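Structural features, examined
Listed below are the residues making up each chain.
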Amino acid sequence: MSKVIVVTSGKGGVGKTTTSANFSSGLALRGKRTAVIDFDVGLRNLDLIMGCERRVVYDIIDVINGEATLKQALIKDKNCENLYVLAASQTRDKDALTLEGVERILNELKETFDCVVCDSPAGIESGAFMAMYFADEALVVTNPEVSSVRDSDRILGIMAAKSKRAVEGRPPIKEHLLITRYDVKRAASEEMLKVEDIEDMLRIPLIGVVPESESVLAASNSGVPAIHEKSDVAEAYKDVVARFLGEDVPMRFTTYTKAGFFKRLFGER
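Summarised in this report is the structure supplied together with it. What you are looking at is a predicted structure, and each value in this text was computed from that prediction instead of being measured. (Residues numbered from 1 in each chain as written. Predicted model: local features only at pLDDT ≥ 70, side-chain atom pairs only at ≥ 80, totals over all residues. Heavy atoms only, no water.)

Before going further, it helps to examine the overall build of the protein. Scanning the protein from terminus to terminus reveals 13 helices and eight strands. Compactness check: the protein gives a C-alpha radius of gyration of 19 Å against a globular reference of 18 Å for 269 residues, within 12% of the reference. For the protein, the spread of C-alpha atoms along the three principal axes comes to 65 × 40 × 35 Å. Going through the 269 residues of the protein one by one, you find that 51% of them count as buried. The contacts in the protein between residues at least 6 apart in sequence include a share of 75% that link residues at least 24 apart. Charged side chains of the protein number 36 positive and 41 negative; the gap between the two group centres comes to 3 Å. (Helix = DSSP H or I, 4+ residues; strand = E, 2+ residues; numbered from the N terminus. Rg over C-alpha atoms; globule rule 2.2 N^0.38 Å. Buried < 20%, exposed > 50% of the residue type's maximum accessible area, 1.4 Å probe, protein only. Contact = heavy atoms within 4.5 Å. Lys, Arg positive; Asp, Glu negative; His and termini not counted. Charge placed at Lys NZ, Arg CZ, Asp CG, Glu CD.)

Below you can see the structure in the form of structure tokens.
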């Protein structure tokens, strides 16, 4: 059965689009036929991270307005056989998104795809509402800082009250907590929130922890999601995908081990 998964948080700059790119790529690498949609109308960054910005001819608004078919607008990912991208528009207003149009697109995608990943824009405006309204599951992305966690809590409240599932009285959206930009050393020295602090504040199941790393920026600039590289970030996102698919995978990148005497002596941290 096809699933619609929203990647959301409320706050900007926490790694939603990076997560959408890596999570959808990871699903495709595991054999799931996957489509990922950019709902950030007016900005459009997903295609840059996916490395397909030069191949965008039609976008989600063109499909909603009947100016292009979904087949015309979908872009086949160059790194994953099973992955397709639907870009946002850079020239239209967010109000061009309609519930009827989004529902039509999602229903058509669900006929041929196993997973449809919706990359939500920041904030709680119409684009974010459209991205989460039809979701079956949600990756709630947060950084280990109070303002980010607070905004994620706000989004959880909106999903619980205003999603299609809530309106129709069906079982709620299945929520997963994803912590990004986590630095175990800084958390240990109380310079940022610890994993357990965030879990205690949001009270939703933890699906993964992505460590702070320069490889994320390098991957974004190269147009190849980090999951295709060899790095801790790649391993973290692979773990997230495995857990999403129901596998029992130990949680990594959450504890800090102080360097021993000889490592400190030779300049290692």
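On we go.
The subject of this paragraph is the nonpolar core. Counting 50 residues, the largest nonpolar core has Ile-37, Phe-39, Ile-60, Leu-97, Ile-105, Leu-109 and Met-159 as its most contacted members. Sequence-distant contacts of Ile-37, that is, excluding residues within four places in its chain, are made with Leu-46, Ile-60, Leu-86, Ile-105, Leu-106, Leu-109, Val-116, Val-117, Cys-118 and Asp-119. (Core = buried A, V, L, I, M, F, W, Y, C linked by side-chain atoms within 4.5 Å.)

The next thing to look at is a negative patch on the surface. A contiguous patch of negative charge, built from Glu-190, Glu-196, Asp-197 and Glu-199, is present on the exposed surface. For Glu-190, the position within the fold is in the loop between helix H9 (184–188) and helix H10 (195–202). (Patch = residues over 30% accessible without salt bridge, like charges linked within 9 Å, V, L, I, M, F, W, Y side chains within 5 Å. Areas by Shrake-Rupley, 256 points an atom, 1.4 Å probe, with all protein chains shown as cover. Salt bridge = Lys/Arg side-chain N within 4 Å of Asp/Glu carboxyl O.)

This part is about helix H6 (residues 126–133). Of all eight residues in H6, six are buried; the element is thus mostly enclosed. Contacts from the buried residues of H6 go to strand S1 (3–8), helix H5 (99–110), strand S5 (115–119), helix H7 (146–162) and helix H8 (164–167).

This next bit is on the sheet that holds strand S4 (residues 83–86). Hydrogen bonds between backbone atoms are what pair the strands of a sheet, whose relative direction is either parallel or antiparallel. Pairing is mixed across the open sheet formed by eight strands, whose spatial order is S3-S4-S2-S5-S1-S6-S7-S8. Two strands close off the open sheet at either side, each with one partner strand: strand S3 (75–76) and strand S8 (206–211). As judged from the four bridges shared by strand S2 (residues 34–38) and S4, these two strands associate in the parallel manner. Across the sheet, the residue bridging to Thr-34 is Leu-83, located in S4. Sheet strands in contact with H10 are strand S6 (137–142), strand S7 (174–182) and S8, and its direction is about 150° off that of S7. (Pairing = 2+ DSSP bridges. Axes fitted to C-alpha atoms, helices over the stretch in contact; angles between N-to-C directions.)

Within this structure, the stated rule accounts for 17 salt bridges. Here Arg-44 and Asp-47 are joined by a salt bridge, their closest N and O atoms 3.4 Å apart. Note on accessibility: Arg-44 and Asp-47 belong to one class, buried. Between Asp-62 and Arg-92 there is a salt bridge, with its nearest N and O atoms 3.1 Å apart. Of this pair, Asp-62 sits in helix H3 (residues 60–64) while Arg-92 sits in the loop between S4 and H5; the two residues are 30 residues apart in sequence, bridging distant segments of the chain.

Further remarks concern the environment of Asn-22. Counting through the fold element by element, Asn-22 comes out in helix H1 (residues 16–29). A relative accessible area of 1% places Asn-22 in the buried class. A C-alpha to C-alpha distance of 9.2 Å links Asn-22 and Val-241, two positions 219 residues apart in sequence. Leaving out residues up to four positions away in the same chain, Asn-22 has contacts with Pro-225, Ala-226, Ile-227 and Tyr-237.

So far we have only geometry, and geometry alone does not tell us how the molecule works.
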